[in-house]
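What the coordinates show
Read off the chains here:
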Amino acid sequence: MLKLFIASSFKKLTRQFSQNSSITPRPVIVVVGGGHAGTEASLAAARMGCKTILVTHKFNTIGEMSCNPSFGGIGKGHLIREIDALDGACAVVCDKSGIQYKVLNKRKGPAVWGPRAQIDRKLYKEHMQEKVNNTPDLEVIESSVEDLIIRDKNCEGIVFGDTGQIVSCSAVIITTGTFLRGEINIGLRTYPAGRIGDSPAIGLANTLDKVGFKMKRMKTGTPPRLLKSSINFDMTQIQLGDMPPKPFSFMNSSVWIKPEDQLECHITHSSLDTEKIVRDNLHRNIHVSEEGIRGPRYCPSIESKVLRFPGKRHQIWLEPEGIDSELIYPNGISCTLPEEAQLELLKSIRGLENVEMVRPGYGVTYDHVDPRELFSTLETKRVSGLYLAGQINGTTGYEEAAAQGILAGANAAAKVSLVQSSHNVSSIPNFKAFVQGIK
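Structural notes, computed from the coordinates. (Residues numbered from 1 in each chain as written. Predicted model: local features only at pLDDT ≥ 70, side-chain atom pairs only at ≥ 80, totals over all residues. Heavy atoms only, no water.)

1. Section: the side chain of glutamate 321
Checked against the element boundaries, glutamate 321 lands in the loop between strand 17 (315-320) and strand 18 (327-331). By relative accessible area, glutamate 321 is classed as buried at 6%. In this structure the side chain of glutamate 321 is engaged in a polar contact, spanning 3.1 Å, whose partner is the side chain of arginine 225. Excluding residues within four positions of it along the chain, glutamate 321 makes contact with Pro69, Ile119, Asp120, Arg121, Arg225, Leu327 and Tyr329. (Helix = DSSP H or I, 4+ residues; strand = E, 2+ residues; numbered from the N terminus. Buried < 20%, exposed > 50% of the residue type's maximum accessible area, 1.4 Å probe, protein only. Polar contact = N/O pair within 3.5 Å; in protein donor to acceptor, adjacent residues only side chain to side chain. Contact = heavy atoms within 4.5 Å.)

Printed below as a string of structure tokens:
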């Protein structure tokens, strides 16, 4: 953690010894990808005084919750609070956009409690985009990144995919999520995409391949979305939020929503008919049958649950996607069966006998880099000045992505600030010894 304080230490050192030094341009950091890792990385770099450029396909997808409409939980909620302790954004934004707050695992000791919030997707995006817009030294550019500029094993810039324009910089942080050669699978259909409606990153994946990074394929998935009015909630078990709700951020004593206005969640279960439908359609599911491609730890599909635990009923959480939303997210049945089989599966579940499916579930396969290619700072060992954060490292979940993003952003800013400060304080006695001592 000492490396996170390098930049602030050098600011003090520079003020002390470089009063007569000429002013040099501030270092530039480019962040590729506007997901949870990318937003935290770019905000962290900008807070530490670097000119920061966030490159994303569309500004209106910054803060997008591509899968579940929630943050935190067991094994995850503590990461949000640690990000908040480092002045990250997601905890504060969760406190402004949650629709139900609950601390899980409360029957055990505080060390294993899991703070969790059900989130309004629209509100979260609005507040995160506002945060990005109002952060000094942070500029957003809508574009794809096709290539990296690498000279003598140093990353010195990026190449835009649409214009071919080159942007020189001091460091690049790649946070592409599931977009590296991403492919969407529904049944036996497959087509290139990093997410529904968004193109994959092909050129950047080819660049990482050419550099020699060890890369593998990984897969994940998302469940179908359901029409709220078509669900019989009387047949399900109600789940209420905490009274009063506990905020994520240490800066807040309360959350934005009144305790009594929190929305309800519900629990139901799969049935033996559900298992039969899954087994009868496995031959029509390319996502499950792909060999040698593993899924992340926290996102097992209903197909993998059926195969690993035959004869079991599996919990399904019915979660609202927002205060004004008519959509329900059925957490626990990530599914990549053909559309008609997905609807048949849904109707085998208690309370969903007459459900309407608004959008089918789908799977995504994508490239990720072996995390052993990285230093603990998330800088790559092969290319200096190149950092990776989030699902590109094989992680899963918004929380892990955001946590890696803030560390990558802080460490990249610390390193480039250190390098630039060295030009201004090179005459300090024992300067090299000082630098060596904090590396």
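So that's the structure; there's more coming.
2. Brief notes about helix 2 (residues 36-47)
The end-to-end C-alpha distance of helix 2 is 17 Å, a good match for the 16 Å that 12 residues give at a rise of 1.5 Å each. Counting buried positions along helix 2 yields 11 of 12 residues, so the element is predominantly enclosed. Buried within helix 2 we find His36, Ala37, Gly38, Thr39, Glu40, Ala41, Ser42, Leu43, Ala44, Ala45 and Ala46. Positive phi appears at glycine 49, one or two residues downstream of helix 2, with a value of about 95°. (Expected span 1.5 Å × (residues − 1).)

3. Considerations on the environment of glutamine 129
Note that glutamine 129 resides in helix 5 (residues 121-133). Under the relative-accessibility criterion, glutamine 129 is labelled buried at 13%. Excluding its chain neighbours within four sequence positions, the residues that come into contact with glutamine 129 are Phe59, Asn60, Thr61 and Ile62. A polar contact of 3.0 Å, which involves the side chain of glutamine 129, links it to the backbone oxygen of isoleucine 62.

4. Digging into the packing of aromatic side chains
Going through the model one piece at a time under the given rule, you end up with 2 aromatic pairs. Measuring from centroid to centroid gives 5.1 Å for phenylalanine 71 and tyrosine 124, while their planes differ by 25°, and the two rings are stacked. Taken together, the residues phenylalanine 71 in strand 3 (residues 70-72) and tyrosine 124 in helix 5 connect sequence positions 53 residues apart. Under the relative-accessibility criterion, phenylalanine 71 is labelled buried at 0%. Classification of tyrosine 124 as buried rests on a relative accessible area of 0%. (Phe/Tyr/Trp six-rings, centres within 6.5 Å; stacked < 30°, edge-to-face > 60°.)

5. Overview of the side chain of asparagine 68
Turning to its location among the elements, asparagine 68 is positioned in the loop between strand 2 (51-56) and strand 3. A distance of 2.8 Å separates a polar atom in the side chain of asparagine 68 from a polar atom in the side chain of serine 70. Setting aside residues no more than four positions away along its own chain, asparagine 68 makes contact with Arg121, Tyr329 and Tyr398.

Purely geometric numbers; function is a separate question.
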